[in-house]
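Structural description and commentary
Read off the chains here:
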Amino acid sequence: MATKTYIVGNWKMHCSPAEASLLVNRLVTDVKRVSSDTVVVLCPPVLDLTTVRSELRGHDRFSIGVQNIYPMDEGAFTGETSAAMVKGLVEYAIVGHSERRHVFGEKDGLIAQKVSASMRNGLTPILCVGETKTDHANGHAKQVVFDQLEAGTSLLTEEELHDLIIAYEPVWAIGTGENAEAKDVAGMFARIREWFETKYSKTISQAIPILYGGSVNGGNAKMYLDLDDCNGCLVGGASTNYKDFAKIIEAV
């Protein structure tokens, strides 16, 4: 079983560099302790990366990630940021977040290329999978997640799978305050592990960290973190509230 717990804060499109500086300073003051087997990852907007990295100097309790990358390392792709450009600044990359899939229309093939690009540049991809409310209501959640796993890992070698993180985020629970029941999350985690065991091996299935994302906050984080198969949380809105995010870290 994966041995580390990951608390990943996705700031989304929030915080100017000045606001990011203030948030990090408050966070490192409020978080008194991070256990040795816990990894806290801050994923600010790209504009804030150098500011956040500077503010975290000397605070090795925290790592940095990006919210998205472009699959090519360089080229005429106006407005995009590649894994090659940020690999000296960050260690992690969120890939296939539901907002990238459903707001920006990213397809499985593009997401697979982004996962591969992350690996190629030494970043740990956090591959997001999850069903919509319609999928959930119609009983298609498992198949949707399986299809996303199949596509998202399609360009990886078995060796690279050991450096992959999965985040299960039911789309209907993201930013809605409508929390997924712990038993439903536990069931999906078990199915995800079964999928990796069937396609690859039990060793890989047990080694891959699986996180939960979807309206996680200081009040409900422990409910998910206590699940047998849960290796952490992908936190959205609560990650820009330093007191709430600190509570989530303390819940580990």
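This section reports on the structure supplied with the text. (Residues numbered from 1 in each chain as written. Predicted model: local features only at pLDDT ≥ 70, side-chain atom pairs only at ≥ 80, totals over all residues. Heavy atoms only, no water.)

1. Considering the sheet that holds strand β5 (residues 124-129)
Ordered in space as β1-β2-β3-β4-β5-β6-β7-β8, the eight strands form a closed barrel in which the pairing is parallel. Averaged over all pairs of adjacent strands, the angle between their axes in this sheet comes to 25°, without regard to strand direction. This element, helix α9 (residues 182-199), spans β6 (165-168) and β7 (210-213) of the sheet and lies at about 145° to β7. This element, helix α12 (residues 242-250), spans β1 (5-10), β2 (38-43) and β8 (232-235) of the sheet and lies at about 165° to β1. (Pairing = 2+ DSSP bridges. Helix = DSSP H or I, 4+ residues; strand = E, 2+ residues; numbered from the N terminus. Axes fitted to C-alpha atoms, helices over the stretch in contact; angles between N-to-C directions. Contact = heavy atoms within 4.5 Å.)

2. Re the pairing of β1
Within a regular beta strand, the side chains point alternately toward one face of the sheet and then the other, so they alternate between its two faces. Along β1, six of the six residues are buried, which leaves the element largely enclosed by surrounding structure. Residues Thr5, Ile7 and Gly9 line one face of β1 and the alternating positions Tyr6, Val8 and Asn10 line the opposite face, and both faces are buried. Bridge count for β1 against β2 is six bridges, and the pairing is parallel. Along β2, the bridge assignment pairs Gly9 with Leu42. Of the crossover connections in this fold, the one passing from β1 over helix α1 (residues 17-30) to the parallel β2 is right-handed. As paired elements, β1 and β8 share four bridges and run parallel to each other. When the sheet's bridge partners are listed, Val8 is paired in β8 with Leu234. (Buried < 20%, exposed > 50% of the residue type's maximum accessible area, 1.4 Å probe, protein only. Right-handed = clockwise from strand over helix to strand, strands pointing away.)

3. Describing the packing of helix α7 (residues 141-152) against α9
Direction vectors running N to C along α7 and α9 enclose 45°, while the axes themselves pass 11 Å from each other. On the basis of their axis angle, the class for α7 and α9 is oblique. Between α7 and α9 lies a crossing whose hand is right-handed. Facing α7, whose interface residues are Ala141, Lys142, Val145, Phe146, Leu149 and Glu150, α9 presents Met188, Arg191, Ile192, Trp195, Phe196 and Lys199. (Parallel < 35°, antiparallel > 145°, perpendicular 65-115°, else oblique. Left-handed = near helix turned anticlockwise from the far one by under 90°.)

4. So, the nonpolar core
Ranked by internal contacts, the top residues of the largest apolar core, which has 68 residues, are Leu42, Ile166 and Phe196. The greatest single-element share of this core, amounting to seven residues, is contributed by α9. Leaving out residues up to four positions away in the same chain, Leu42 has contacts with Gly9, Trp11, Val24, Leu27, Val52, Leu56, Phe62, Ser63, Ile64, Gly65 and Phe245. Core analysis: the second largest hydrophobic core is formed by 13 residues, Cys128, Ile165, Ala167 and Leu211 among them. (Core = buried A, V, L, I, M, F, W, Y, C linked by side-chain atoms within 4.5 Å.)

5. Observations regarding the layout of surface pockets
Each pocket or cavity is described by its volume, and for the largest pocket that value is around 560 Å³. Taken together, 20 residues line the largest pocket, and the ones lying closest to its centre are Met13, Gln67, Asn68, Arg100 and Phe104. The residue makeup of the lining of the largest pocket, split by class, is nine nonpolar, seven polar and four charged. (1 Å grid on protein atoms, 1.4 Å probe; cavity = no way out; pocket = protein on both sides within 12 Å on 5 of 7 lines; lining within 4 Å. Points joined across faces, edges and corners; volume = space filled by probe spheres on them. Nonpolar A, V, L, I, M, F, W, Y, C, P; charged D, E, K, R; others polar.)

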